[in-house]
Amino acid sequence: MLQPILQIRQTPAVLGIDADPGTYSITQPKAEVNVTTTPGQLTVQSTRPELTIDQSRAWEAYNGGKMLDMNKRIYSGIQQLYLQAIARKVEQGNRMAQFFRPGNTIAEVYGTDTEPNSFPEVCGPASYDNVDVHIETKAPQIDFKAASVDIQVERRNPEIEYTRGKLNIYMQQYASIQFIPPELNVQL
């Protein structure tokens, strides 16, 4: 004969968890940048070249030049001619003093002196280089100031917000124990 058995049924507890994660919100405003630029400066000062042309020697060769210069040339030329004439007369006199030597006759000493006395030159010497051209240049004055840049940066800290998520813990199923007694046969 079988013995009746007591049945025990057990239902475990079941917890329900409903959770949403938290959220972060991070924003960062743009940094403020201020740029100040001072432009560079370039200053150039230049002077015109100076041109000097002296053609006085060319005019002296062409027409005698200024009256004062021409008179000086004539005066110094006459002095030279006068001194040369005196020197020639002294030489002739010395030769005549030695008339007894051959070649010192009056005809030979004074007969060969047939050139006329010339007038001094009133014009200056002619030359291809009688015009003086002089050019004077000066280097330009250059002043340069470099540009400058000033940069100011104002940074902004990030703004962080955290929104907490929800957490709901509940009993989805309660634990239970059930005892089922055996059927008893009551007939006896």
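Below is a summary of the structure that appears in this document. (Residues numbered from 1 in each chain as written. Predicted model: local features only at pLDDT ≥ 70, side-chain atom pairs only at ≥ 80, totals over all residues. Heavy atoms only, no water.)

### Examining the overall build of the protein chain
Of the regular secondary structure elements, the protein chain holds three helices and twelve strands. Relative to the 2.2 N^0.38 estimate, which gives 16 Å for 188 residues, the radius of gyration of the protein chain is 68 Å and therefore markedly larger than a compact globule would have. Per-residue burial for the protein chain yields a buried fraction of 7% across its 188 residues. As presented, the protein chain carries roughly 17,100 Å² of accessible surface, and 56% of it is formed by carbon and sulfur atoms. The distance from the centre of the 17 positive side-chain charges to the centre of the 21 negative ones in the protein chain is 3 Å. (Helix = DSSP H or I, 4+ residues; strand = E, 2+ residues; numbered from the N terminus. Rg over C-alpha atoms; globule rule 2.2 N^0.38 Å. Buried < 20%, exposed > 50% of the residue type's maximum accessible area, 1.4 Å probe, protein only. Areas by Shrake-Rupley, 256 points an atom, 1.4 Å probe, with all protein chains shown as cover. Lys, Arg positive; Asp, Glu negative; His and termini not counted. Charge placed at Lys NZ, Arg CZ, Asp CG, Glu CD.)

### A word on the packing of aromatic side chains
If you walk through the whole model with that rule in mind, you get two aromatic pairs. Ring plane angle 50 degrees and centroid distance 4.9 Å describe the contact between Tyr24 and Tyr162, whose orientation is recorded as tilted. Taken together, the residues span a long stretch of sequence, with Tyr24 in strand 3 (residues 23-27) and Tyr162 in strand 10 (residues 159-163) at a distance of 138 residues. Tyr24 sits in the exposed class, given a relative accessible area of 62%. Assessed through its relative accessible area of 48%, Tyr162 is described here as partly exposed. (Phe/Tyr/Trp six-rings, centres within 6.5 Å; stacked < 30°, edge-to-face > 60°.)

### A word on the side chain of Arg73
Its place among the elements puts Arg73 in helix 2 (residues 67-97). With near-sequence residues (within four places) excluded, Arg73 lies in contact with Glu60, Gly64, Gly65, Pro120, Glu121, Val122, Cys123 and Gly124. (Contact = heavy atoms within 4.5 Å.)

### Points about the side chain of Asn130
Here Asn130 lies in the loop between helix 3 (106-110) and strand 7 (132-136). There is a polar contact of 3.1 Å between the side chain of Asn130 and the backbone oxygen of Pro125. Apart from the residues lying within four places of it in its own chain, the contact partners of Asn130 are Asp54, Gln55, Arg57, Ala58, Ala61 and Pro125. (Polar contact = N/O pair within 3.5 Å; in protein donor to acceptor, adjacent residues only side chain to side chain.)

### A closer look at a nonpolar patch on the surface
On the surface, Leu15, Ile17, Leu167, Ile169, Met171 and Tyr174 cluster together into a nonpolar patch covering about 680 Å² of accessible area. When contributions to the nonpolar patch are tallied by element, the ones reaching two or more residues are strand 2 (14-19) and strand 11 (167-173). Among the elements that line the nonpolar patch, the one with the most residues is strand 11, at three residues. Secondary-structure assignment places Ile17 in strand 2. (Patch = residues over 30% accessible without salt bridge, like charges linked within 9 Å, V, L, I, M, F, W, Y side chains within 5 Å. Salt bridge = Lys/Arg side-chain N within 4 Å of Asp/Glu carboxyl O.)

### Here we look at the pattern of salt bridges
For side chains of opposite charge, pairing can occur when their charged atoms come near one another. Counted according to the given criterion, the structure contains five salt bridges. Its salt-bridge partner being Glu32, residue Arg156 comes within 3.1 Å of it at the nearest N-O pair. You can see Arg156 sitting in the loop between strand 9 (148-154) and strand 10 and its partner Glu32 sitting in strand 4 (residues 32-38), a full 124 residues away along the chain. The class for Arg156 is partly exposed, based on a relative accessible area of 29%. Under the relative-accessibility criterion, Glu32 is labelled partly exposed at 36%. Glu154 is the salt-bridge partner of Arg156, the closest N and O atoms lying 2.8 Å from each other. Taking the relative accessible area as the measure of exposure, Glu154 reaches 43% and is therefore partly exposed. The structure contains a network of salt bridges with shared partners spanning Glu32, Glu154 and Arg156.

### A look at helix 2
In this model, helix 2 (31 residues) spans 44 Å end to end at C-alpha, consistent with the 45 Å of a helix rising 1.5 Å per residue. Considered for burial, the residues of helix 2 that qualify are Met70, Arg73, Ile74, Gly77 and Gln92. Next to the buried residues of helix 2 lie helix 1 (56-63) and helix 3. (Expected span 1.5 Å × (residues − 1).)

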